[in-house]
Amino acid sequence: MNTENKPTIYWTLLHHKDWNIYLAATSQGLCYVGSQNMPVDELIVWAEKHFPGRRLTQDHERLKPYVNELIEYFEGERKSFTVPFDYHGTEFQMAVWKALCEIPYGETIVYSDIANTINKPAAVRAVGAAIGANPVLISIPCHRVVGKNGKLTGYRGGLEMKTKLLELER
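No experiment lies behind these values; they were computed from the predicted model shown.

What counts, and where the lines are drawn
- Residues numbered from 1 in each chain as written.
- Predicted model: local features only at pLDDT ≥ 70, side-chain atom pairs only at ≥ 80, totals over all residues.
- Heavy atoms only, no water.
- Helix = DSSP H or I, 4+ residues; strand = E, 2+ residues; numbered from the N terminus.
- Polar contact = N/O pair within 3.5 Å; in protein donor to acceptor, adjacent residues only side chain to side chain.
- Contact = heavy atoms within 4.5 Å.
- Pairing = 2+ DSSP bridges.
- Axes fitted to C-alpha atoms, helices over the stretch in contact; angles between N-to-C directions.
- Buried < 20%, exposed > 50% of the residue type's maximum accessible area, 1.4 Å probe, protein only.
- Disulfide = S-S within 2.5 Å.
- UniProt positions renumbered as here; feature names shortened; annotations may be inferred.
- Parallel < 35°, antiparallel > 145°, perpendicular 65-115°, else oblique.
- Nonpolar A, V, L, I, M, F, W, Y, C, P; charged D, E, K, R; others polar.

**Observations regarding the side chain of N20**
- With respect to the helices and strands, the residue N20 is situated in strand 2 (residues 19–25).
- For N20, the side chain forms a polar contact with the side chain of H15, separated by 2.3 Å.
- Setting aside chain neighbours within four positions, we find N20 in contact with L13, L14, H15, S35, Q36, N37 and M38.

Put into structure tokens, the structure is as follows:
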């Protein structure tokens, strides 16, 4: 496939203390934050599915602003993100992801709260699917959504990562 005219996706591995996460960005902004301690294959498969034919190029320098904000978050110095994003989804997914960004740092809500926020109270399962499709973990704080009983539920990065993020925000 000809990749000459397709924008490049730049990536790097954020390594900070015991955090090892692949990040990717286009020239427009952060498009992917991977799962804790997963191989680069997770990024490659994601990129092929969501940005077919785009070239992946490792470029730590280009991703430094994104890496720096995430490290500040891990250090407890940042509660929200100011870097630009470049994520794409259905209108429904975008509404869910926007609602996730409204959850205050250090707080959790349940799936039905998100469904109500986007005026789709019967769409709790669809909300769960949209949250699961969030390409930008941590920055779009889907880790702040828990089950109705307060228990931790599925998370693309795994429940260990979700637990760690919630503890970090306490």
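**Topic: the sheet that holds strand 3 (residues 30–33)**
- Strand order in the open sheet formed by four strands is 3-2-1-4, and the pairing between neighbours is mixed. Either end of the sheet is taken by a strand with one partner, and the two such strands are strand 3 and strand 4 (56–58). Geometrically, the sheet is characterised by an average inter-axis angle of 30 degrees between neighbouring strands, direction not taken into account.
- Examined bridge by bridge, strand 1 (residues 9–16) and strand 2 share seven bridges and lie antiparallel to one another. The residue bridging Y10 from the neighbouring strand is A25, located in strand 2.
- Set on the sheet, helix 1 (residues 41–50) makes contact with strand 1, strand 2, strand 3 and strand 4; between it and strand 3 the angle comes to about 135 degrees.
- Helix-sheet contacts for helix 2 (residues 60–74) involve strand 1, strand 2, strand 3 and strand 4, and the interaxial angle to strand 1 is about 40 degrees.

**What to know about the pairing of strand 2**
- When you tally the buried positions in strand 2, you get seven out of seven residues, the bulk of the element.
- What you see with strand 2 is no split at all: W19, I21, L23 and A25 on one side and N20, Y22 and A24 on the other are buried throughout.
- Where strand 1 folds back on strand 2, the antiparallel hairpin that results is connected by two residues, among which K17 adopts a positive phi of roughly 50 degrees.
- In this sheet, strand 3 lies alongside strand 2 in antiparallel orientation, the contact comprising three bridges. Bridging from a neighbouring strand, A25 pairs with L30 of strand 3.
- What sits between the antiparallel neighbours strand 2 and strand 3 is a turn of four residues, in which G29 has the positive phi angle 155 degrees.

**Topic: the state of the cysteines**
- Under the criterion given, the structure shown has zero disulfides.
- Cysteine C142 remains unbridged, with the sulfur of C101 as its closest cysteine sulfur at 9.8 Å.

**Describing the UniProt feature "active site" (unreviewed entry) in the protein**
- UniProt records the feature "active site" (unreviewed entry) at C142, using the numbering of this structure.
- Structurally, the position occupied by C142 is in the loop between helix 5 (124–132) and strand 6 (145–146).
- Apart from residues lying up to four places away in sequence, C142 is in contact with L100, I131, N134, L137, Y155 and K162.

**As for the packing of helix 3 (residues 91–100) against helix 5**
- Closest axis-to-axis distance for the helix 3/helix 5 pair is 9 Å, and the angle between their directions is 80 degrees. Comparing the axis directions of helix 3 and helix 5 gives the class roughly perpendicular. Here F92, Q93, V96, W97 and L100 of helix 3 come into contact with helix 5, specifically with A126, V127, A130 and I131.
- For the contact of helix 3 with helix 5, the per-class residue count stands at eight nonpolar, one polar and no charged.

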